[in-house]
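Coordinates in review
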Amino acid sequence: MSDQPAPDLMAICDICMQPVGDGDGHVWADQEDANTAFYNADDGHSPLDFLGLTTRADLVAWRTTHTICGLSDYAYKIEVERIRTWSAFLHWSAHLADKKWNAATDWQLFILRALEPKLGAVSGLRPVRPQDLDFDGIGA
Ligand SMILES: [Zn+2]
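This section reports on the structure supplied with the text. (Residues numbered from 1 in each chain as written. Predicted model: local features only at pLDDT ≥ 70, side-chain atom pairs only at ≥ 80, totals over all residues. Heavy atoms only, no water.)

1. A short note on the coordination of the zinc ion
Coordination of the zinc ion by the protein comes from C13 (SG), C16 (SG), H66 (ND1) and C69 (SG), over a distance range of 2.1 to 2.4 Å. Because the angles between the four donor atoms bound to the zinc ion fall within 98 to 118°, the donor set is best described as tetrahedral. Its relative accessible area of 0% is what places C13 among the buried residues. (Donors = N, O, S within 2.8 Å, 3.2 Å for Na, K, Ca; no water. Tetrahedral: all angles 85-135°; square planar, octahedral: opposite > 155°, others 65-115°. Buried < 20%, exposed > 50% of the residue type's maximum accessible area, 1.4 Å probe, protein only.)

2. Some remarks on the sheet that holds strand β2 (residues 25-30)
Backbone-to-backbone hydrogen bonds join strands into a sheet, with any given pair of strands oriented parallel or antiparallel. Pairing is antiparallel in the open sheet, where three strands are placed in the order β3-β2-β4. Two strands close off the open sheet at either side, each with one partner strand: β3 (62-66) and β4 (75-79). Across the sheet, the axes of successive neighbouring strands diverge by a mean angle of 30°, strand direction being ignored. Of the pairings in the sheet, the one linking β2 to β3 comprises five bridges and is antiparallel in character. Bridge pairing in β3 places G25 opposite H66. Its contacts with the sheet put helix α1 (residues 31-40) on β2 and β4, and the angle it makes with β2 is roughly 25°. Of the strands in this sheet, β2 and β3 touch helix α3 (residues 107-115), which is tilted by about 60° from β3. (Pairing = 2+ DSSP bridges. Helix = DSSP H or I, 4+ residues; strand = E, 2+ residues; numbered from the N terminus. Axes fitted to C-alpha atoms, helices over the stretch in contact; angles between N-to-C directions. Contact = heavy atoms within 4.5 Å.)

3. A few points about the packing of helix α2 (residues 86-97) against α3
Between α2 and α3, the shortest axis-to-axis distance is 12 Å and the interhelical angle comes to 170°. As the angle between them shows, α2 and α3 are arranged roughly antiparallel. For α2 against α3, the interelement crossing comes out left-handed. Two secondary-structure elements touch here, α2 through W86, F89, W92, S93 and L96 and α3 through W107, F110, I111, A114 and L115. Residues that form the contact of α2 with α3 fall into these classes: nine nonpolar, one polar and no charged. (Parallel < 35°, antiparallel > 145°, perpendicular 65-115°, else oblique. Left-handed = near helix turned anticlockwise from the far one by under 90°. Nonpolar A, V, L, I, M, F, W, Y, C, P; charged D, E, K, R; others polar.)

4. Things to note about the pattern of salt bridges
One pass over the full model with this rule turns up four salt bridges. Here E79 ties to R82 by a salt bridge, and the two come within 3.4 Å at their closest N and O atoms. Look at E79 and you get partly exposed, because its relative accessible area is 25%. Salt-bridge contacts for D106 lead to R113; the nearest nitrogen and oxygen are separated by 3.3 Å. Its relative accessible area of 6% is what places D106 among the buried residues. (Salt bridge = Lys/Arg side-chain N within 4 Å of Asp/Glu carboxyl O.)

Below you can see the structure in the form of structure tokens.
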């Protein structure tokens, strides 16, 4: 326990809007819905409007919830205590990039909402220190 890195991220439940403590919840997506969406998808997804959008209705949502607030029987789930740092988040991103069904989810927006407090998200993974996140933009 004592050599755990200081957390960069806090998990806020999408349902009750309260913090999710270690062992009490997950970041998750319904893998069955994502598989269905992936194999039924049209060829072209419209590009993400990064600063304009916080949700995409055509994508299966990544959620953050307490276990008692709701969890799909078909959830691909990440325990909140396993995604409390930016490096853990990046490792999960690399891991999920290998999974075809994740292309049918809003994982990209899930990341951007964590990185961009300006998007106004109030739940999900939220930065503990948003002042560290200044970024000039890709290719700017
Ligand atoms: Zn909750």
